[in-house]
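# A look at the structure
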Amino acid sequence: MEIYHLNEKTMNLHNVTSCVLALGFFDGVHKGHRRLLETAKRMATEKNLTFSVMTFFPHPSQCIPHAQTIDKYITPLPMKIEIFKRLGVEKLYIVQFNLQFSRITHTQFVERYIVGLACAHVVAGFDFTYGFKGKGNMKQLEQDSDGRFSVTTVEKYEHHHHKISSTAIRHLLQSGDVQTIPNYLAAYYSVRGKLCYHYRPDASEFVLCIQIDPTYFLPKTGLYHAALVMDSDELSGLLEVSNPSTSTLKFFVKKPQLALTYEEVTIHFLSYADDIAFEQAAT
Ligand SMILES: Cc1cc2nc3c(=O)[nH]c(=O)nc-3n(C[C@H](O)[C@H](O)[C@H](O)COP(=O)(O)O)c2cc1C
Ligand SMILES: Nc1ncnc2c1ncn2[C@@H]1O[C@H](COP(=O)(O)OP(=O)(O)O)[C@@H](O)[C@H]1O
């Protein structure tokens, strides 16, 4: 996958190839996003065009006043890049979202960032907005295209009559309801990190410390049943989130039957565990 970090200065510094472009912020790369990305990939294959994605960083709410500033992510940018790679994206455009960019009008965005990138077809969701004050929408996009590219609008994908959205996933995380998240993400909520050290409070139990990207949106403070995955090995245990802004997680596990030589680990949050479950596991 080729990755381009775009801003006004770097806009014209690379070769463009005719593409199908999927548009959005895509935090979580949840089931709704995946349906959109699959649609774009299928169309790119059918039309023999490059499968490209354009996303933005940081979240627009960081430079434009919103009800809530989003500075923690379900999938921090490095994770999102990994997922796009796995989904077969050929070109990824990461547009720097700053005040200057936010003031670009919907028509200017189409001229510079869609037509300018030789986009032959755009795929975005029913509620995608773009341009100064978010004035552009999917109807406007068709008008702005002026016949130079075609547009597919992906319909709302729901779970139990509610839109699958990054906002819904954040609410589940905030309430500790991690077991419901696979309905939205198609996977357990996961974080990746570095095994920084481990110590043994006694002979039968290990405590592993995992250093994670500080921009992860963590579930509420508490203990979780979790799985720690290292290559093909997996350990079950309890994970402590000491506070939602921590970047160190503690994983409690019965003495593992394997050498803990791994550096990179992934943790899957399986379900919320209460203090009683923790005390039982620790004894
Ligand atoms: C050129 C451009 C300018 C934007 N300007 C604003 C803005 O002034 N105010 C705002 O709230 N969002 C603005 N946005 C953000 C969009 O409304 C939207 O959040 C973003 O395109 C991501 O879409 P998504 O949330 O549907 O994934 C802008 C987006 C683009 C591409
Ligand atoms: N449930 C869904 N069904 C269809 N399209 C979706 C859905 N959720 C998001 N999208 C589309 O995916 C792209 C990224 O949207 P984004 O705003 O990042 O997602 P969210 O609404 O989950 O925060 C946009 O084009 C948006 O319209």
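Relevant structure appears above.
Calculation criteria
- Residues numbered from 1 in each chain as written.
- Chains lettered and ligands numbered in written order.
- Predicted model: local features only at pLDDT ≥ 70, side-chain atom pairs only at ≥ 80, totals over all residues.
- Heavy atoms only, no water.
- Helix = DSSP H or I, 4+ residues; strand = E, 2+ residues; numbered from the N terminus.
- Buried < 20%, exposed > 50% of the residue type's maximum accessible area, 1.4 Å probe, protein only.
- Contact = heavy atoms within 4.5 Å.
- Areas by Shrake-Rupley, 256 points an atom, 1.4 Å probe, with all protein chains shown as cover.
- Lys, Arg positive; Asp, Glu negative; His and termini not counted.
- Charge placed at Lys NZ, Arg CZ, Asp CG, Glu CD.
- Near = heavy atom within 4 Å.
- Polar contact = N/O pair within 3.5 Å; in protein donor to acceptor, adjacent residues only side chain to side chain.
- Nonpolar A, V, L, I, M, F, W, Y, C, P; charged D, E, K, R; others polar.
- Pairing = 2+ DSSP bridges.
- Axes fitted to C-alpha atoms, helices over the stretch in contact; angles between N-to-C directions.

Looking now at the overall build of the chain. The helix and strand inventory of the chain stands at eight helices and 14 strands. Each principal axis of the C-alpha distribution contributes one length, and for the chain these read about 70 × 35 × 35 Å. Counting the 283 residues in the chain, one finds 47% classified as buried. Restricting the contact set of the chain to residue pairs at least 6 apart, pairs at least 24 apart contribute 73%. By element, 49% of the accessible surface of the chain is carried by carbon and sulfur atoms, the whole surface being about 14100 Å². Averaging the locations of the 28 positively and 28 negatively charged side chains of the chain gives two centres separated by 5 Å.

Further remarks concern the site of ligand 2. Around ligand 2 lies a shell of 20 residues, among which His30, Gly125, Asp127, Lys163 and Ser166 are the nearest. One of the backbone nitrogen or oxygen atoms of phenylalanine 25 is found 3.5 Å away from an oxygen atom of ligand 2. A distance of 2.5 Å separates an oxygen atom of ligand 2 from a polar side-chain atom of serine 166. Relative to its unbound accessible surface of 530 Å², ligand 2 loses 89% to contact with the protein. Listing elements by their share of the shell around ligand 2, those giving two or more residues are α1 (31-47) and β5 (119-125). For the shell around ligand 2, a count of residues per class yields nine nonpolar, seven polar and four charged.

As a further point, take the sheet that holds strand β1 (residues 2-6). The sheet built from six strands is open, its strands ordered β1-β4-β3-β2-β5-β6 with parallel pairing. The two strands at the open ends of the sheet, each matched to only one other strand, are β1 and β6 (150-154). Across the sheet, the mean angle separating the axes of adjacent strands is 20° when strand polarity is ignored. Where strand β3 (residues 50-57) lies against strand β4 (residues 91-96), six bridges are found, and the strand directions are parallel. By the bridge assignment for β4, valine 53 is matched with leucine 92. Together, β1, β3 and β4 form the strand contacts of helix α2 (residues 77-86), whose direction differs from that of β3 by roughly 170°. Its contacts with the sheet place helix α5 (residues 138-145) against β5 and β6, and it is angled at close to 170° to β6.

Among the 17 residues in the neighbourhood of ligand 1, the closest are listed as Phe25, Ser102, Thr129, Gly131 and Lys133. Phenylalanine 25 places a polar main-chain atom, nitrogen or oxygen, 2.8 Å from an oxygen atom of ligand 1. In the environment of ligand 1, a nitrogen atom lies 3.0 Å from a nitrogen or oxygen atom belonging to the backbone of glycine 131. Here the shell around ligand 1 is built from residues that sort into ten nonpolar, six polar and one charged.

With that settled, the discussion passes to the environment of glutamine 100. Mapped onto the elements, glutamine 100 comes out in helix α3 (residues 99-102). C-alpha of glutamine 100 to C-alpha of leucine 249: the two residues are 149 residues apart in sequence and 37 Å apart in space.

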